[in-house]
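One-letter residues, chain by chain:
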Amino acid sequence: MCINGVAAVTFIALGRVRWPPALVMAGGAIVGGYAGAVLARRVPRVWVRRSVEAIGFVIAAIMFWKQLAG
């Protein structure tokens, strides 16, 4: 949290923030965080773990593929 806070203050101080997209992203992150927590409590723990593993594997595979192809 401290690292992200320092980064945010730095970008704001340097005028590097495009506010309309940043506010939309912040709103989406807040709603997604709360919705994800509610969903994670309702879904069995095994499903949550397997979903996180599957998403991580897919992202890693895509990044690996782009690295090899690019």
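Please refer to the structure higher up on the page.
Keep in mind it's a predicted model, so treat the numbers as computed, not measured.

> Looking at this structure, how should I read the overall build of the protein chain?
Scanning the protein chain from N- to C-terminus turns up three helices and zero strands. Element order for the protein chain, N to C, with α for helix and β for strand: α-α-α. Expected size for 70 residues packed as a compact globule is a radius of gyration near 11 Å; at 17 Å, the protein chain overshoots this value by more than 25%. Here the C-alpha coordinates of the protein chain stretch approximately 45 × 40 × 25 Å along the principal axes. Here the protein chain holds 70 residues, and the buried ones make up 0% of them. Per element, the accessible surface of the protein chain, about 6700 Å² overall, is 72% carbon and sulfur.

> Explanation requested: a nonpolar patch on the surface in the structure shown.
Residues I12, W19 and L23 make up a contiguous nonpolar surface patch of roughly 330 Å² in combined accessible area. As for its placement among the helices and strands, I12 is situated in helix α1 (residues 2-13).

> Help me out: how do you make sense of α1 in this one?
For an α-helix, the turn length of 3.6 residues means that residues three or four places apart are oriented alike. Its 12 residues place the ends of α1 16 Å apart at the C-alpha level, agreeing with the 16 Å of an ideal helix rising 1.5 Å per residue. In terms of burial, α1 is largely open, as just zero of its 12 residues are buried. G15 sits one or two positions beyond α1 and adopts a positive phi of about 70°.

Cut-offs applied
- Position numbers for residues count from 1 along each chain, tracking the sequence in the order it is written.
- The predicted nature of this model means local features are confined to residues of pLDDT at least 70 and side-chain atom pairs, given and counted, to a pLDDT of 80 or more, with totals for whole chains, interfaces and linings taken over all residues.
- Hydrogens and waters are ignored; side-chain quantities use all the structure's heavy atoms.
- Numbered from the N terminus, helices here are DSSP runs of H or I no shorter than four residues, and strands are runs of E no shorter than two.
- Taken over C-alpha atoms, the radius of gyration is set against a globule rule of 2.2 Å times the number of residues to the power 0.38.
- When a residue's accessible area, from a 1.4 Å probe over protein chains only, is under 20% of the maximum for its type it is buried; when over 50% it is exposed; and in between it is partly exposed.
- Per-residue and other accessible areas follow the Shrake-Rupley method at a 1.4 Å probe size, with only the shown protein chains counted as cover for residues.
- Note that patches include only residues with greater than 30% relative accessible area and no salt bridge, and the join distances are 9 Å for like charges and 5 Å for nonpolar side chains (Val, Leu, Ile, Met, Phe, Trp, Tyr).
- Salt bridges are defined as contacts in which a side-chain nitrogen from Lys or Arg sits within 4 Å of a carboxyl oxygen from Asp or Glu.
- Between the first and last residue of a helix there are one fewer steps than residues, each counted as 1.5 Å, and that sum is the expected span.

By themselves, these are just geometric observations and shouldn't be taken as functional.
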